[in-house]
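# Fold and geometry: a report
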Amino acid sequence: MKRTDYINWDEYFMGIALLTAMRSKDPNSQVGACIVSPENKILSLGYNGMPIGCSDDEMPWEREGDPLDTKYMYVCHAELNAILNSAHNNLKGARVYVTLFPCNECTKAIIQSGIAEVVYYGDKYHDSDSSVAARFMFKKAGVKLTAYTPTGRRAELEL
Ligand SMILES: O=c1[nH]c(=O)n([C@H]2C[C@H](O)[C@@H](COP(=O)(O)O)O2)cc1CO
Ligand SMILES: [Zn+2]
């Protein structure tokens, strides 16, 4: 008989998004994204990080101060990285699992790429203008928003 305590698809893909986020060098928010086809095949992964060639050690990770000395001017968001990393895949009808609700800029890229559903875990900036604008665009574009419901299942990996 088959084993029954296997993880379900949502746990699997959100788990991979969470593991991917662990690659982030951001001291405050580590974000992961996992794009999945309607057939449940993984199309792309991404996490928030500095653009290629911009050394993590030479770029600022500050949140405040002169804008040019903060990370916000430079960091590439997890969702954008996942979309850009999937250059050879058609994302029409795909789902994206994100560990944090997308910002308004990533929302534009998600919509334009044809992604049909966003499954999000955290939503700590729910009341920010960025999140309000993101929800507004997702609604207009008919992109489904699904809050991930944690199952309590724990995954321990010896790495
Ligand atoms: O959807 C997102 N995806 C994403 O990758 N990020 C990244 C950008 C920054 O590196 C970090 C946000 O930083 P902070 O929480 O310190 O403001 O998370 C942030 C958001 C939402 O704002
Ligand atoms: Zn973003």
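Residues numbered from 1 in each chain as written. Chains lettered and ligands numbered in written order. Predicted model: local features only at pLDDT ≥ 70, side-chain atom pairs only at ≥ 80, totals over all residues. Heavy atoms only, no water.

## Overview of the sheet that holds strand β5 (residues 144-147)
Just so we agree on the cut-off: Should DSSP find at least two bridges between two strands, the strands are regarded as paired. What counts as a helix is a DSSP run of H or I of at least four residues, what counts as a strand is a run of E of at least two, and both are numbered from the N terminus. Helix axes use the C-alpha atoms of the stretch in contact, all axes being lines fitted to C-alpha atoms, and the angles between their N-to-C directions lie in the range 0 to 180 degrees.
In space, the five strands of this open sheet follow the order β2-β1-β3-β4-β5, with mixed pairing throughout. Taken across any chain shown, the strands that pair with only one partner, and hence form the sheet edges, are β2 (42-47) and β5. When strand polarity is set aside, the average angle formed by the axes of neighbouring strands in this sheet is 15°. Looking at chain direction, strand β1 (residues 32-36) and β2 are connected through five bridges and run antiparallel. If you follow Ala33 over to β2, its bridge partner there is Gly46.

## Looking at the nonpolar core
Here is the rule: We define the nonpolar core as a collection of buried residues of types Ala, Val, Leu, Ile, Met, Phe, Trp, Tyr and Cys that are connected through side-chain atoms lying within 4.5 Å of one another. Relative accessibility under 20% of the residue-type maximum defines a buried residue, over 50% an exposed one, and the middle range a partly exposed one, all with a 1.4 Å probe and only protein chains included. Here, residues are in contact when the closest pair of their heavy atoms is within 4.5 Å.
In this structure, Ile35, Ile83, Val96, Ile110, Ile115, Val118 and Phe138 are the most contacted members of the largest nonpolar core, which totals 21 residues. Every residue in contact with Phe138, bar those within four places of it in the chain, is listed here: Phe101, Pro102, Thr107, Ile110, Ile111, Val118, Val143 and Leu145. Residues Phe13, Ile16, Ala17 and Tyr97 belong to the second largest nonpolar core, which totals nine residues.

## A few points about the UniProt feature "domain: CMP/dCMP-type deaminase" (unreviewed entry) in the chain
Under the convention used in this document: UniProt positions are given in the numbering used here, feature names are shortened, and annotations may be inferred rather than shown by experiment.
Listed under "domain: CMP/dCMP-type deaminase" (unreviewed entry) in the UniProt record, and renumbered for this structure, are residues 8-131. Secondary structure content for residues 8-131 is 27% helix and 19% strand, and the end C-alpha separation is 28 Å.

## What to know about the UniProt feature "active site" (unreviewed entry) in the chain
UniProt records the feature "active site" (unreviewed entry) at Glu79, using the numbering of this structure. Following the sequence through the fold, Glu79 ends up in helix α2 (residues 78-84). On the basis of relative accessibility, which here comes to 5%, the residue Glu79 falls in the buried class. Leave out the neighbours within four places in its chain, and Glu79 touches Ala33, Val98, Leu100, Phe101, Pro102, Cys103, Cys106 and Ile110.

## Here's the deal with the pattern of salt bridges
The following threshold applies: Salt bridge, as applied in this entry: a Lys or Arg side-chain nitrogen positioned within 4 Å of an Asp or Glu carboxyl oxygen.
Evaluation of the coordinates by the stated rule reveals four salt bridges. Ionic pairing is found between Lys108 and Glu105, a salt bridge with its closest N-O pair at 3.1 Å. One end of the pair is Lys108 and the other is Glu105, both in helix α3 (residues 104-113) and three residues apart, which spans about a single turn.

## Considerations on the packing of α3 against helix α4 (residues 129-141)
The criterion, for reference: Put simply, angles under 35 degrees are roughly parallel, angles over 145 are roughly antiparallel, angles from 65 to 115 are roughly perpendicular, and the rest are oblique. Less than a right angle of anticlockwise turn of the near helix away from the far helix marks a crossing as left-handed, whereas a clockwise turn marks it as right-handed. Residue polarity follows a fixed list, in which Ala, Val, Leu, Ile, Met, Phe, Trp, Tyr, Cys and Pro are nonpolar, Asp, Glu, Lys and Arg are charged, and the others, Gly among them, are polar.
The interhelical angle for the contact between α3 and α4, taken along N-to-C directions, is 15°, at an axis separation of 8 Å. Put simply, α3 runs roughly parallel to α4. Every pair of crossing elements has a handedness; the one defined by α3 and α4 is right-handed. In contact with Asn104, Thr107, Lys108, Ile110 and Ile111 of α3, α4 contributes Ser130, Ala133, Ala134, Met137, Phe138 and Ala141. The residue makeup of the contact of α3 with α4, split by class, is seven nonpolar, three polar and one charged.

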